[in-house]
Amino acid sequence: MHDSYRHCFEPARGERGEAALSAMAAELFGESGQMPVVPVNEDHHFASTHCSQGLEAVAAVKDSMASGDRFAVAFIDIRMPPGIDGKETAARIRAIDPEINIVIVTGYSDFSPLDISRAAGPADKIFYIAKPFEVDEVVQTARALGRRWQVDRELAAAREALAEKIALLEEQTLELAANESRAIHMANHDSLTDAPNRLAFTRALAEQVREGSCFAMAMLDLDRFKLVNDSFGHLAGDELIRMVCAELQGVMKGEGFVARLGGDEFAMLMRVAGEDEAMMRCERLIRAASANFSVFGHTVQGSASAGLVVVGPDEPRDPVDVMRRADLALNEAKRDGRGIVRLFDESMDESIRFRRRIETGLGQAIENGELCLVYQPIATRDTLEVKGFEALLRWASPEYGLTAPAMFIPIAEESSLIHELGDWVTDEALKTLQQWPDQYVSVNFSPRQFRRQNFVAHLMARVMEAGVSPQRFQIEITETAIFDDAERAADTLYRLRQMGFRIALDDFGTGYSSLYNIRKFALDSLKIDRSFVDGMGRERESAAIVHSIIHLGRALGLEVVAEGVENSAQLQALRVAGCSHAQGYFLAHPMVAERAAALSAKRFLTPGEDEEIVFGFGARTGTHG
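Residues numbered from 1 in each chain as written. Predicted model: local features only at pLDDT ≥ 70, side-chain atom pairs only at ≥ 80, totals over all residues. Heavy atoms only, no water.

A. The arrangement of the packing of helix α1 (residues 2–9) against helix α6 (residues 135–188) in detail. Packing of α1 against α6 leaves a shortest axis separation of 9 Å and a crossing angle of 65 degrees. One way to sum up the angle between α1 and α6 is to call them roughly perpendicular. The two elements α1 and α6 cross, and the hand of that crossing is right-handed. Of the residues in α6, those touching α1 at Tyr 5, Cys 8 and Phe 9 are Val 135, Val 138, Val 139 and Ala 142. Residue composition of the contact of α1 with α6, by class: seven nonpolar, no polar and no charged. (Axes fitted to C-alpha atoms, helices over the stretch in contact; angles between N-to-C directions. Helix = DSSP H or I, 4+ residues; strand = E, 2+ residues; numbered from the N terminus. Parallel < 35°, antiparallel > 145°, perpendicular 65-115°, else oblique. Left-handed = near helix turned anticlockwise from the far one by under 90°. Contact = heavy atoms within 4.5 Å. Nonpolar A, V, L, I, M, F, W, Y, C, P; charged D, E, K, R; others polar.)

This is the structure:
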């Protein structure tokens, strides 16, 4: 039998080899056992180990496992020389090497395949060849199972490598999640006290507002905290803040939200049934913050004041307004002697009612025809030729009379009214512009208008609808409008300039980013703020600023317009300094559209001949803005 296996697993050597194998088959199995020999391909090499009985085979497998040179296939007879039988041999080999493929070669049926499978399974690694066997059957079985064994090992190695990578990824994922958790915690918590910070409080307040239930917000501030810092140092001040924060959290005990807004200021959210419960709980917070604290061996008498606002289910629920009201109440508590709680009431903020009335009236102003544009000329410094007009909005309110833009524009800016107002101003200015020969109109745009998502397309559509060239429309913006998002602002201004619009930077010199903006943004004109022009004759600093702006503008090829020119001395000083254009009451007051059309045809100004224009409800147009 062993010689038969040897000849099966060795390359055939012509007729001599075939005859030898045929003779061996005839000796073992008789004439019926003769079979044609299928030579093994030269590229397949089998390294076979022959064992006389089962224990020897078990020992060989054990040694192979120790050396690492493992067997792929074991051909086992059921009946073997004295010792363990084939079933026991297979079972012991399987216990040593779970990966080996076992082939049972037998002509007897002492054991059923199920018995052998139970002893030496799994079933997918046990195969059977019946005696007498075909040579090619043995060879192909050895070849296929050897290849399968190799593939199984490669697959196992790949799975192991993949498992290692998965484990590494899981570890990295856990580490990333931990880092993300730490980052989120740091972003939402105060580094000194580990209490929620202003960002977390704002989010919690917004969620509380959306719930619709009754709640209270308190804003608490330590009294004379600066004295602690000055007396014992900032480290002592930090320690006091930590101790007060711990006391406040202890009082709340999970029944509210405590945050440190910054400095020595804290904010609390509480669900309450009404004002009485809110006051009682807030007074407990004041008492907790007013205890004696031992700070680095020093006894510090704590003291705190608080402002409280209670928001009912049916009240306006703007988070920003809730915080503002709590802050107003806190300021009232500070003014009333400290160490107390003050509940917000409307008398603390008369401007709330006024703002609401203004907002309501402003919403009806366009429909009721209460708005009007007046135009102030912008002239050259030497000849006083009118090159353009600045459009200025006026509101003749039936309730308040002539209302200055400085009063109602900020209110409109806080609501969506600013876009409606801005569209009305643009359309009115374009309509008036059609009556002028070639002057431009300059229109102020608020920061909220400028940041409008489709600002450029929206403006271009209105200009094209009016049939006006964009070169005759100047956009006036302040540094505030563009500083919040400089990159986006630069792109918006570039697109406006590409379409032909003029760009003026209003109130130049009042912002600390002026030089940066000059370099970065596409501009046509700088407008010197009136405060500098007014101070030229009294303050050397104002004169120096005006001269610097003029020289800067000339160096960059920009027009420089001085606003607020009130007298001939200012005009003469600006001429000497080289300012290219001027605007102000000395040259002309803001005027109604008909007067502006007449002046545009005349083209030149004569200082002093202009009169203040009266329109609607007897109000004057003397206020610039």
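B. Summary view of the packing of aromatic side chains. Taken as a whole, this structure holds nine aromatic pairs when the rule is applied. Summarising the aromatic geometry, the rings of Tyr 375 and Trp 436 are spaced 5.5 Å apart at their centres and angled 90 degrees between planes, so their arrangement reads as edge-to-face. Of the two residues, Tyr 375 sits in strand β11 (residues 371–380) while Trp 436 sits in the loop between α14 (417–433) and β14 (440–444), which places them 61 residues apart along the sequence. Judged on exposure class, the residue Tyr 375 and its partner Trp 436 are both buried. (Phe/Tyr/Trp six-rings, centres within 6.5 Å; stacked < 30°, edge-to-face > 60°. Buried < 20%, exposed > 50% of the residue type's maximum accessible area, 1.4 Å probe, protein only.)

C. Representation of the pattern of salt bridges. A complete count under the given rule lists 35 salt bridges for this structure. Glu 265 serves as the salt-bridge partner of Arg 198, at 3.9 Å between the closest nitrogen and oxygen. Of the two residues, Arg 198 is situated in helix α7 (residues 198–211) and Glu 265 in strand β6 (residues 265–271); the sequence distance between them amounts to 67 residues. Residue class for Glu 265 comes out buried when judged on its relative accessible area of 17%. (Salt bridge = Lys/Arg side-chain N within 4 Å of Asp/Glu carboxyl O.)

D. Spotlight on the sheet that holds strand β4 (residues 215–222). Strand order in the open sheet formed by five strands is β5-β6-β4-β9-β10, and the pairing between neighbours is mixed. Whereas interior strands pair on both sides, the edge strands pair on one side only; in this sheet they are β5 (256–262) and β10 (341–343). In this sheet, neighbouring strand axes are inclined to one another by 20 degrees on average, regardless of whether the strands run parallel or antiparallel. By the bridge criterion, seven bridges tie β4 to β6 in an arrangement that is antiparallel. Its bridge partner being in β6, Ala 216 is matched across the sheet by Met 270. The strands touched by α7 are β4, β5 and β6; relative to β6, the strand with the most contacts, the crossing angle is about 25 degrees. In this fold helix α11 (residues 319–335) packs onto β4, β5, β6, β9 (304–311) and β10, with an angle of close to 140 degrees to the strand it touches most, β9. (Pairing = 2+ DSSP bridges.)

E. Highlighting a negative patch on the surface. On the surface, Glu 275, Asp 276, Asp 314 and Glu 315 cluster together into a negatively charged patch. Positionally, Glu 275 belongs in helix α10 (residues 275–289). Of the residues examined, Glu 275 reaches a relative accessible area of 45% and is grouped as partly exposed. (Patch = residues over 30% accessible without salt bridge, like charges linked within 9 Å, V, L, I, M, F, W, Y side chains within 5 Å. Areas by Shrake-Rupley, 256 points an atom, 1.4 Å probe, with all protein chains shown as cover. Lys, Arg positive; Asp, Glu negative; His and termini not counted. Charge placed at Lys NZ, Arg CZ, Asp CG, Glu CD.)

F. Spatial organisation of the sheet that holds strand β3 (residues 126–130). Ordered in space as β1-β2-β3, the three strands form an open sheet in which the pairing is parallel. Pairing within the sheet leaves two strands with one partner each, and these edge strands are β1 (73–76) and β3. Averaged over all pairs of adjacent strands, the angle between their axes in this sheet comes to 20 degrees, without regard to strand direction. As paired strands, strand β2 (residues 101–106) and β3 are joined by five bridges and run parallel to one another. When the sheet's bridge partners are listed, Ile 104 is paired in β3 with Tyr 128. α6 contacts β1, β2 and β3 of the sheet and is inclined by roughly 145 degrees relative to β1.

G. How the structure looks around α1. Those residues of α1 not exposed but buried are Ser 4, Tyr 5, Cys 8 and Phe 9. When α1 is viewed along its axis, its buried side chains cluster within an angular range of 120 degrees and face the same direction. (Arc of directions from axis to C-beta.)

H. Structural detail: the confidence of the model for the protein chain. Per-residue confidence for the protein chain gives a mean pLDDT of 84; residues scoring 70 or more make up 88%. Here residues 13–17 is modelled with pLDDT under 50, and outside its nearest four sequence neighbours on either side it reaches zero contacts, counting other chains as well. In this model, residues 31–43 is a region of pLDDT below 50 whose contacts with residues beyond four sequence positions or in other chains number 22 contacts. (pLDDT = per-residue confidence, 0-100.)

I. Representation of the side chain of Asp 77 in the model. Relative to the helices and strands, Asp 77 resides in the loop between β1 and α4 (86–96). Its relative accessible area of 14% is what places Asp 77 among the buried residues. Filtering out sequence-adjacent residues up to four positions away, Asp 77 remains in contact with Met 1, Tyr 5, Gly 86, Val 105 and Lys 131.

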